[in-house]
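# Inside the fold
One-letter residues, chain by chain:
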Amino acid sequence: MIELPESITYASMLNQYLLGKTVTAVCPPSAPHKFCWFHGDVNAYGSLLKGKSVEHADAYGIFVEITFEGGLYLNFNDGVNVRLLEEGENPPKKYQLLIAFADGSALVFTVAMYGGIACHQGEFDNEYYLKNRAGITPLDPGFTEEYFLKLAESVKTNTSAKAFLATQQRFLGLGNGTLQDILFDAGIHPKRKLGTLSREELLGMLASVRKVLGDMAAKGGRDTEKNLLGQAGGYATVMSRNTQTGGCPRCGGQIVKESYMGGSVYYCPDCQPLVK
């Protein structure tokens, strides 16, 4: 799933590989997916994009947006996977969108669980997109200690650490995936209530948010996700499906996986005690 490290990585690679390329064709879904949502009629994307060249790409939280000449935009988010195909490389049989370029390369968009793709001319009024585009992420300079502490003060004291960090778009681009290593680094249990955290522990959480997200972005995303070329990210996750059976890297104890708030959490009960 696309979270901030992946959106940053996608935008960087799109700028590296796509700038100046001109669209020659756009293919609608080869196998429609009921949980892939499009803005407007996907069959009209070809008439909008054909003949337009790529100007740049940007990351906005969980959104990645490509800007084409003439004030055209195409963004994707969350569960959309995007791959760059070289000339002559066959696309997968099932895809949700394919954009071909004059040099023979193509971008192919697929969806496993769910995701959104939007081609627009500046009128895309999706609330999540607007919030991610206008807001600041934890890696932005404006995300200060004061800003963070005000966020902590704005929620109920019985709000869990996971709910605080990964819901309500308080931390743009931070979701259940990146959450795991952040809380492990901070030594905080995912279910621990904010009211039990001291100011020092809260600021320690902020430090972990910045450190872990920054490391993930610098290394091209997490190893549980793939980039534009289909390669796994260079950041080795500490708490994920890849490491669950390996034991805690800090104390050697067993890593626990359990369902919580609509997703799985991974933690070490010794290094991340549930303080009540």
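Residues numbered from 1 in each chain as written. Predicted model: local features only at pLDDT ≥ 70, side-chain atom pairs only at ≥ 80, totals over all residues. Heavy atoms only, no water.

### Some thoughts on helix α1 (residues 4-18)
- Relative to the 21 Å expected for 15 residues at 1.5 Å per residue, α1 spans 21 Å between its end C-alpha atoms, a close match to the ideal helical length.
- Buried residues of α1: Leu4, Pro5, Glu6, Ser7, Thr9, Tyr10, Ala11, Met13, Leu14 and Leu18, and no others. (Helix = DSSP H or I, 4+ residues; strand = E, 2+ residues; numbered from the N terminus. Expected span 1.5 Å × (residues − 1). Buried < 20%, exposed > 50% of the residue type's maximum accessible area, 1.4 Å probe, protein only.)

### A word on the packing of aromatic side chains
- Per the counting criterion, the structure on display carries eleven aromatic pairs.
- With a centroid separation of 5.0 Å and an interplanar angle of 45 degrees, the aromatic rings of phenylalanine 124 and tyrosine 129 are classed as tilted. Of the two residues, phenylalanine 124 and tyrosine 129, both sit in the buried class.
- Ring centres of phenylalanine 148 and phenylalanine 164 lie 5.8 Å apart, and the angle between their planes is 65 degrees; this geometry places the pair in the edge-to-face category. One end of the pair, phenylalanine 148, is in helix α4 (residues 145-153); the other, phenylalanine 164, is in helix α5 (residues 161-166), and 16 residues separate them in sequence.
- In textbook terms, an aromatic cluster arises when at least three aromatic residues are bridged by ring pairs, as seen for Phe143, Tyr147, Phe148, Phe164 and Phe171.
- Looking at arginine 133, its charged tip hangs above the ring of tyrosine 73, at a distance of 5.9 Å from the centre.
- Positioned above the aromatic ring of phenylalanine 184 is the side chain of arginine 250, whose terminal nitrogen or guanidinium carbon lies 4.1 Å from the ring centre. (Phe/Tyr/Trp six-rings, centres within 6.5 Å; stacked < 30°, edge-to-face > 60°. Lys NZ or Arg CZ within 6 Å of the ring centre and 35° of its normal.)

### Quick look at the sheet that holds strand β4 (residues 63-68)
- Strand order in the open sheet formed by five strands is β2-β9-β5-β4-β3, with mixed pairing between adjacent strands. Whereas interior strands pair on both sides, the edge strands pair on one side only; in this sheet they are β2 (36-39) and β3 (54-60). Strand after strand, the sheet turns through a mean of 15 degrees between neighbouring axes, direction not considered.
- Of the strand pairs in this sheet, β2 and strand β9 (residues 115-120) are connected by four bridges, and their pairing is parallel. Within β9, the position partnered with cysteine 36 by the bridge is glycine 115.
- Sitting on the sheet, α1 is in contact with β3, β4 and β5 (72-77), with an inclination near 170 degrees to β3.
- Packed onto the sheet, helix α3 (residues 127-134) meets β3, β4, β5 and β9 and runs at close to 85 degrees relative to β4. (Pairing = 2+ DSSP bridges. Axes fitted to C-alpha atoms, helices over the stretch in contact; angles between N-to-C directions. Contact = heavy atoms within 4.5 Å.)

### Section: a nonpolar patch on the surface
- On the surface, Met1, Phe35, Trp37, Met113 and Tyr114 cluster together into a nonpolar patch covering about 510 Å² of accessible area.
- Counting through the fold element by element, methionine 113 comes out in the loop between β8 (106-111) and β9. (Patch = residues over 30% accessible without salt bridge, like charges linked within 9 Å, V, L, I, M, F, W, Y side chains within 5 Å. Areas by Shrake-Rupley, 256 points an atom, 1.4 Å probe, with all protein chains shown as cover. Salt bridge = Lys/Arg side-chain N within 4 Å of Asp/Glu carboxyl O.)

### Details of the packing of α4 against helix α7 (residues 199-218)
- Relative to each other, α4 and α7 sit at 115 degrees, their axes nearing to 11 Å. Seen along the crossing, α4 lies across α7 with a hand that is right-handed. Taking contact as the criterion, the partners of Glu145, Phe148, Leu149 and Ala152 in α4 are, on α7, Arg199, Leu202, Leu203, Met205, Leu206 and Arg210. (Left-handed = near helix turned anticlockwise from the far one by under 90°.)

### Considerations on the sheet that holds strand β6 (residues 80-85)
- Taken in spatial order, the four strands make up an open sheet running β1-β7-β8-β6, and their pairing is antiparallel. Because the sheet does not close on itself, it has two edges, and the strands there are β1 (23-27) and β6. Adjacent strand axes in the sheet meet at a mean angle of 15 degrees when their direction is disregarded.
- Here six bridges tie β6 to β8, and the two strands are oriented antiparallel to one another. Residue pairing in the sheet places valine 82 in a bridge with phenylalanine 109 of β8.

### What about the pattern of salt bridges?
- Evaluation of the coordinates by the stated rule reveals eight salt bridges.
- Of the charged contacts, one joins glutamate 146 and lysine 150 as a salt bridge, the two residues approaching to 3.5 Å between their closest N and O atoms. A residue pair is termed a helical-turn pair when its members lie 3 or 4 positions apart in one helix, as glutamate 146 and lysine 150 do in helix α4 at four residues. An identical accessibility class is assigned to glutamate 146 and lysine 150; each is exposed.
- Residue glutamate 258 pairs with lysine 191 through a salt bridge whose shortest N-O separation is 2.5 Å. Pair noted here: glutamate 258 is in strand β10 (residues 256-260) and lysine 191 is in the loop between α6 (176-186) and α7, with a separation of 67 residues, a long-range link.

### Things to note about α6
- Listed as buried for α6 are Thr178, Leu179, Gln180, Asp181, Ile182, Leu183 and Phe184.
- Looking at the packing, one finds that the buried side of α6 touches α1, α5, α7 and β11 (263-267).
- Downstream of α6 by one or two residues, glycine 187 has phi in the positive range, about 70 degrees.

### Description of the nonpolar core
- Counting residues in hydrophobic clusters, the biggest one holds 31 residues, and the most contacted among them are Phe76, Ile99, Leu107 and Phe109.
- For this core, the element with the most residues is α1, which contributes four residues.
- Once residues lying within four places of it in the same chain are set aside, the contact partners of phenylalanine 76 are Ile2, Tyr10, Leu14, Ile62, Phe63, Val64, Val82, Phe109, Gly116 and Ile117.
- Counting 26 residues, the second largest nonpolar core, distinct from the first, contains Val155, Leu206, Val209 and Met216. (Core = buried A, V, L, I, M, F, W, Y, C linked by side-chain atoms within 4.5 Å.)

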